[in-house]
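# Understanding the architecture of this molecule
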Amino acid sequence: MATRTIALKKQSYILVLVALAAALSLFIWMRQSITLDEAQSVWQTSRSLSGVMTVVAKDVHVPLYFVGLHYWEILFGTDSFAIRVFSLIFFLLAIPAIFALAKEAYSVRVAYVTALITAISPFLNWYGSDARMYSLMFLFTILSHLLFIRLWKRPSRTTWFLYGAVAMLGVFTHLFFLFVLFVQGLFFAIKRDIFPRESMRHFVRIAIIAGAACLAWFVYRYFAGAGLTNPVLARPSSVDFFNVFSNFFLGFQTDQVNTFYLSLWPLLVFAGFTFLARKEVRGPETAYLALASFVPVGLAFIVSATLQPIFLSRYLIVSLPSLYVLVVFFLASYRGFASDFALSALVAVMLAMLVVQAVQPSSPVKEDFKDAASYVSANATPSDLFVVSAPFITYPVEYYYDGAARLTTFPLWDRFAKDAVPQTFSPLTLANAAGDWTKVYSRVFILLGYDQGYNENIRLFMDKHYQRLDMKTFSPGLTLYVYKLRYP
Amino acid sequence: MPSKTEFLGSAPSKLLLAANVIMAVVYFVVLAFFFPHGNEILFWVLIAGEVFHMWQALTYIYTAWELRHEAKFDPSFAPAVDVFITVAGEPVDIVEATALAARDMEYPNHRVYILNDGYVAKKENWQEIEMMAKKIGVGCITRKTPGGAKAGNINNAIRETKSPYVAVFDADHVPHKDFLLKTMGYFVDPNMGFVQAPQYYKNAHVNAVTVSSWEQQELFFGPICRGKNRLNSATMCGTNMVISRKALDEAGGMCDQSIAEDFATGLFIHERGWKSLYVPEVLAEGLAPEDFLSYTKQQFRWARGALDVLFRYGLIFRRGLTMKQRIQYLSSVSYFLSGVVVAMNVCLPLLFFYFGLIPVKINTMLLALIFIPYIYLTIAMLSSTSNARFSFRAISFSMCSFGIHIRALWSAITGQKVGFSITSKRGLEGNFLRLATPHIVYIILVVIGIPVAILREGLSASVVNNAAWCVFNIGMFVPYIMAAAPETAMKRRFTRAYETIFAPRKASVASVKVVVSGEEIADIARSGARNFQAAGNSKWQGRR
């Protein structure tokens, strides 16, 4: 009877958290403008299955999420609400999943708090309602950790099968899932003695199957013209490195707030010393979760600094489940009121940052294409031109835009041509384009966002040669300029 | 009582140790060579400190790299042993408990002597000691000619006895029955000079001072002493040890010119090519200092003794030691130079607050990117090598001893004469906050300095970062200051609260009481369950 009551309590608690996350999504995050990436998801999936595979192959990602979204859209349409619910489902499923992971690794107490901070995490709430693959990747990462820990604690054929299946699905959700598998391989190499004897054989088998599937995809990508739409990422700085962890716990805050928090890092060193004599922190679970928390971020940083920039906090969501469990566990390892205080403080700070992220328009992750497009729709006439730069922000703009002025990109980009890439920017192409606009249109609305290195050149050129009529910033890094081209 | 085995149970991962070496070197190289200098003097002071830290880290890793060691042991080897119990005025009941335990050790061929220095030390109870020795049937050698403190006392007994081996115990260090059975077998190796057992504090649970003392001991008698075995560099600690008379004779007897007579004697024995061994098993139980003043005196004595070996005995240039032994001795001795480095590090934020001075022009997050992995690896290494026994409290007390170490350094450099003082094992009541004056002054300077810095440059990243370093330092100072504070209800509450944050779950201080009453000591001593050392505590630790 008592066991049933406890089980009921756990279920009720998790249900409340799921309901909380769902409510936050429905009342806050779903109402936000669609982002560039989301618009791209819609663009990529609103076609036949083979078409979806082709455009995804040309991009940097893998197809599982997009195939799923493709069928979801067939059932529920491409409305921003509908496509975001697809992601929300995975986020909500992740809450009981991370509860199970924390419980498997440590204790019910750790599980309760980990599930709570997952539900109120500003970072996860954002990507939980984002029509991209991140919430799915988060869910698969949790499941992979859970099953991996079970492989040494209480292995069974079912666990091995599920682990293999999640490994495969994870790899086809996002290539950064390979970091999870790398960490698991590394941990197995270090702590092989805690696994059953036949584990090596199973791991090799799974690696061969997953590797073959990946190889097939990469061959397909190669012939489809892979990487044509690769985004240009900057090389990360040390601030970016720590911003990842700041994002994980505090969400997307302004530079000022981030600077303040990050400058407090000596307190992390102090916290480290307080864990010195805690024998309970030395189990294999802690070693594994520590590797899973920091190795992907470290490797991505090193690769980005030396080879190819790939460092984005959303890609590194694979580090987040283990990090949450680990941090809660460490704080819970204090005794008595200190533990309660530390955990309460963590929850309070995350909750406060969630509110700030929700209400603050200058939150750096917000992309208010909706208002920008609506503004132009309301103010532009057929004799005006609406230009967006960088070219790819045309996706979210056209999702909302229904104005009378013609919409185009600068540099010019014919997305529907074979192997289309935007033209290269140069001062001459800008001068020529402006000359062409002047011949036909009386005003130009230029929306600058996602700077690819030339937005400031455009602004300076237009300011120098044309009369600026208006300027409006809709969200950080997204500004509309209106210029008079000629007098009627 | 603290665990008698856990501190001896570590088996650190070589991967972790190797990673630590790499990170230590990377951190140093990046800091030293990749950033423009700020204030030139501060920069070189910082670099000197970092060189010292790297030396400490690398020699620790070198020591702890392999903790397993096997030495030849023959349980049937049982030559005659003279067992010395050094006494200089300790209460009779305490000495009696030790003498009885020594007398009753399971060994076929040993004779116990109480080395009674009460007469030369002008202690009132010296005759009672003689009577007690007679009553329980052990020998008593009462010295009439003073000189050489504890070392002189032992040398005097050496002249009056003949066995080829001598075991030495402080008055409060009660040997287990099997002490000789577990140590003498190693002397089957004719080159074995001395065998040392851990110095275990059975009163570690009494208060913050005792628990911190013991947690510092755990690192030393755990990985450090175990690692020294591999390098034939066991540290002689002055109690719980057996020495070959021949080795001692060759070394010129116990060194009576140093207040760290045991450490110096160990060094001289090693110089003459003798072997040494540390037995990683608790074979005797003693007492930690129970009050802040005694702790401070003990730390000062160890520091001054060690630094004497460095400056007065010219450790670096002495002949006879192998390179491994020289590194080990230098590593042990140099720990006591850390006070200067700690003081320099804690002052850096103050120099920034008041004068805007910085040693290196570095992006604070870039520093964090190198420093945080380095320090977390170090923490993981300390935890791993000490089997999770080395604690926040221990590191706090180590760090906060910077004032004692600086004072010892100054007295060693200037050659001030320091007498051999005995650590009181009876908790002294009182307010010892004066001993934490530097730490309290530091807090005041921080409180004033932060607004000064904010007024100068606003709430910049540098101000926030330096303020966070000050919080770090103050967090380290608080347990030390609290231990020095007089016993009050507020202190008890605060200590309890602090304990919940920083004490390990299973080895917390059971009581916050600082003083154990005399009656309680006597009761415990009489029961035979415990013993309390009152004097003659002249051990050498050589801890870092």
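This structure is a prediction, so every number in the text was calculated from the model and none was measured.

### Description of the overall build of chain B
Within chain B, the regular secondary structure consists of 19 helices and 10 strands. A total of 544 residues make up chain B; the buried ones form 53% of that total. Considering only residue pairs separated by 6 or more positions, chain B has 86% of its internal contacts joining residues 24 or more positions apart.

### Some remarks on the packing of helix α14 (residues 266-274) of chain A against helix α13 (residues 364-385) of chain B
Pairs of packed helices are described in terms of their axes, by the angle between the two and the distance that separates them. One can describe the packing of α14 of chain A onto α13 of chain B by two numbers: an axis separation of 10 Å at closest approach and a directional angle of 10 degrees. Classified by the angle between their axes, α14 of chain A and α13 of chain B sit roughly parallel to one another. Along its contact with α14 of chain A, which presents Leu-268, Val-269, Gly-272 and Phe-273 of chain A, the element α13 of chain B presents Ile-372, Ile-375, Tyr-376 and Ile-379 of chain B. Looking at the contact of α14 of chain A with α13 of chain B residue by residue, the class counts come to 7 nonpolar, 1 polar and no charged.

### What about helix α3 (residues 49-58) of chain A?
All names here are of chain A. Within α3, burial applies to Met-53, Val-56 and Ala-57. Burial along α3 is one-sided: seen end-on, the buried residues are contained in an arc of 100 degrees. Next to the buried residues of α3 lie α2 (36-45), α4 (64-76) and α11 (199-224).

### Looking at the interface of chain B and chain A
Tallying the contact residues gives 34 residues for chain B and 30 residues for chain A. Every element with two or more residues in the side of chain B that touches chain A is listed here: α13, α14 (392-400), α17 (461-484) and α18 (489-502) of chain B. Looking at the side of chain B that touches chain A element by element, the count peaks at 11 residues for α13 of chain B.

### Quick word on unusual backbone geometry
Looking along the chain, the bond that leaves Ser-389 of chain A and enters Ala-390 of chain A is cis, with omega of 5 degrees. Looking at the element boundaries, Ala-390 of chain A is found in the loop between β1 (384-389) and α19 (394-400). In this model, Phe-410 of chain A is joined to Pro-411 of chain A through a cis peptide bond whose omega is -10 degrees. Looking at the secondary structure, you find Pro-411 of chain A in the loop between β2 (406-409) and α20 (427-440). Phi at Asn-232 of chain B is positive, roughly 50 degrees, even though this residue is not glycine. Mapped onto the fold, Asn-232 of chain B is located in the loop between α7 (208-230) and β8 (241-244). Here the phi dihedral of Asn-387 of chain B falls at roughly 55 degrees; this positive angle occurs in a residue that is not glycine. Mapping Asn-387 of chain B onto the fold places it in the loop between α13 and α14.

### What to know about the confidence of the model for chain B
Residues and elements named next belong to chain B. With 90% of its residues at a pLDDT of 70 or more, chain B has an overall mean of 86. A low-confidence stretch, residues 506-544 (pLDDT under 50), is modelled with 120 contacts involving residues beyond four sequence positions or located in other chains. Predicted complex, confidence summary: ipTM 0.84, pTM 0.82.

### What about the pairing of strand β3 (residues 139-142) of chain B?
All names here are of chain B. Here strand β2 (residues 110-116) pairs with β3 via 4 bridges, running parallel. Paired with Tyr-113 across the bridge in β3 is Gly-139. A crossover connection joins β2 to the parallel β3 through helix α4 (residues 126-136); in handedness this β-α-β unit is right-handed.

### Notes on the sheet that holds strand β7 (residues 200-201) of chain B
Residue and element names in this part refer to chain B. Pairing within the open sheet is mixed, and its 3 strands lie in the order β5-β10-β7. Across the chains shown, the open sheet's two edge strands, defined by having one partner strand only, are β5 (174-175) and β7. With 2 bridges joining them, β5 and strand β10 (residues 284-286) adopt antiparallel strand pairing. What sits directly across from Val-174, in β10, is Glu-285.

### A short note on the environment of Gln-127 of chain B
Mapped onto the elements, Gln-127 of chain B comes out in helix α4. Residues Gln-127 of chain B and Arg-272 of chain B, spaced 145 residues apart in sequence, show a C-alpha to C-alpha distance of 39 Å.

### Quick word on the sheet that holds strand β6 (residues 192-196) of chain B
Residues and elements named next belong to chain B. The 7 strands are arranged β3-β2-β1-β4-β8-β6-β9 in an open sheet whose pairing can be described as mixed. This sheet does not close on itself; its edge strands, each paired only once, are β3 and β9 (275-278). Each neighbouring strand pair of the sheet contributes to a mean axis angle of 20 degrees, computed without reference to strand direction. Sheet topology note: the strand β4 (residues 165-170)/β8 ladder contains 4 bridges and is antiparallel.

### Quick notes on the pairing of strand β5 (residues 478-484) of chain A
Residues and elements named next belong to chain A. Of all the 7 residues making up β5, 5 are buried; the element is thus mostly covered by neighbouring parts of the structure. Where strand β3 (residues 443-448) meets β5, 6 bridges bridge the pair, whose relative direction is antiparallel. The partner of Ile-446 across the bridge, within β5, is Tyr-481. In the sheet, strand β4 (residues 467-475) pairs with β5 via 7 bridges, with the strands oriented antiparallel. Across the sheet, Thr-473 pairs through a bridge with Thr-479, a residue of β5. From the end of β4 to the start of β5, which pair antiparallel, there are 2 residues, and Gly-477 there has a positive phi angle of about 80 degrees.

### Examining the environment of Ile-375 of chain B
Take Ile-375 of chain B: it is sitting in helix α13. With 348 residues separating them in the primary sequence, Ile-375 of chain B and Tyr-27 of chain B have C-alpha atoms 9.8 Å apart. Each residue touching Ile-375 of chain B, except ones within four places of it in the same chain, is listed here: Val-269 and Gly-272 of chain A.

### A look at the nonpolar core
One recurring pattern in soluble globular proteins is that nonpolar side chains are buried together. In this structure, Val-328 of chain A together with Ile-85 of chain B are the most contacted members of the largest nonpolar core, which totals 255 residues. With 14 residues, the top contributor of residues to this core is helix α5 (residues 80-105) of chain A. If we ignore the near neighbours within four places in the chain, the residues touching Ile-85 of chain B are Val-95, Thr-98, Ala-99, Ala-102, Val-112, Ile-114, Leu-115, Phe-169 and Ala-171 of chain B. In terms of nonpolar packing, the next biggest core, distinct from the first, is built from 40 residues, Val-387, Val-388, Tyr-466 and Val-482 of chain A among them.

Reading the values: rules and limits
- Here the residue index of a chain counts from 1 through its sequence in written order.
- Key to labels: chains lettered from A, ligands numbered from 1, both in the order written.
- Where local features are concerned, this predicted model is filtered to residues with pLDDT of at least 70; where side-chain atom pairs are given and counted, the filter is 80 or more; whole-chain, interface and lining totals use all residues.
- Secondary structure follows DSSP: runs of H or I at least 4 residues long count as helices, runs of E at least 2 residues long count as strands, and numbering of each begins at the N terminus.
- Counting other C-beta atoms within 10 Å of a residue's C-beta gives its exposure: the residue is buried at 20 or more, exposed at 12 or fewer, and partly exposed in between, where C-beta atoms are placed from the backbone.
- For the purpose of contact definition, each residue receives a C-beta atom placed from its backbone, and two residues are in contact when these atoms lie within 7 Å.
- Where helices are involved, their axes are fitted lines through C-alpha atoms of the stretch in contact, as for all axes, and angles between N-to-C directions lie from 0 to 180°.
- Roughly parallel means an angle under 35 degrees; roughly antiparallel means over 145; roughly perpendicular covers 65 to 115; every other angle is labelled oblique.
- Polarity classes work like this: nonpolar for Ala, Val, Leu, Ile, Met, Phe, Trp, Tyr, Cys and Pro, charged for Asp, Glu, Lys and Arg, and polar for all others, with Gly in that last group.
- Note: the arc covers the axis-to-C-beta directions of the helix.
- pLDDT expresses, on a scale from 0 to 100, how confident the predictor is about each individual residue.
- In short, DSSP must find at least two bridges between two strands for them to pair.
- A right-handed crossover is one whose linking path, passing over the helix from the first strand to the second, runs clockwise when the strands point away from the viewer.
- Each nonpolar core consists of buried Ala, Val, Leu, Ile, Met, Phe, Trp, Tyr and Cys residues. Their C-beta atoms, within 7 Å, join them into a set.

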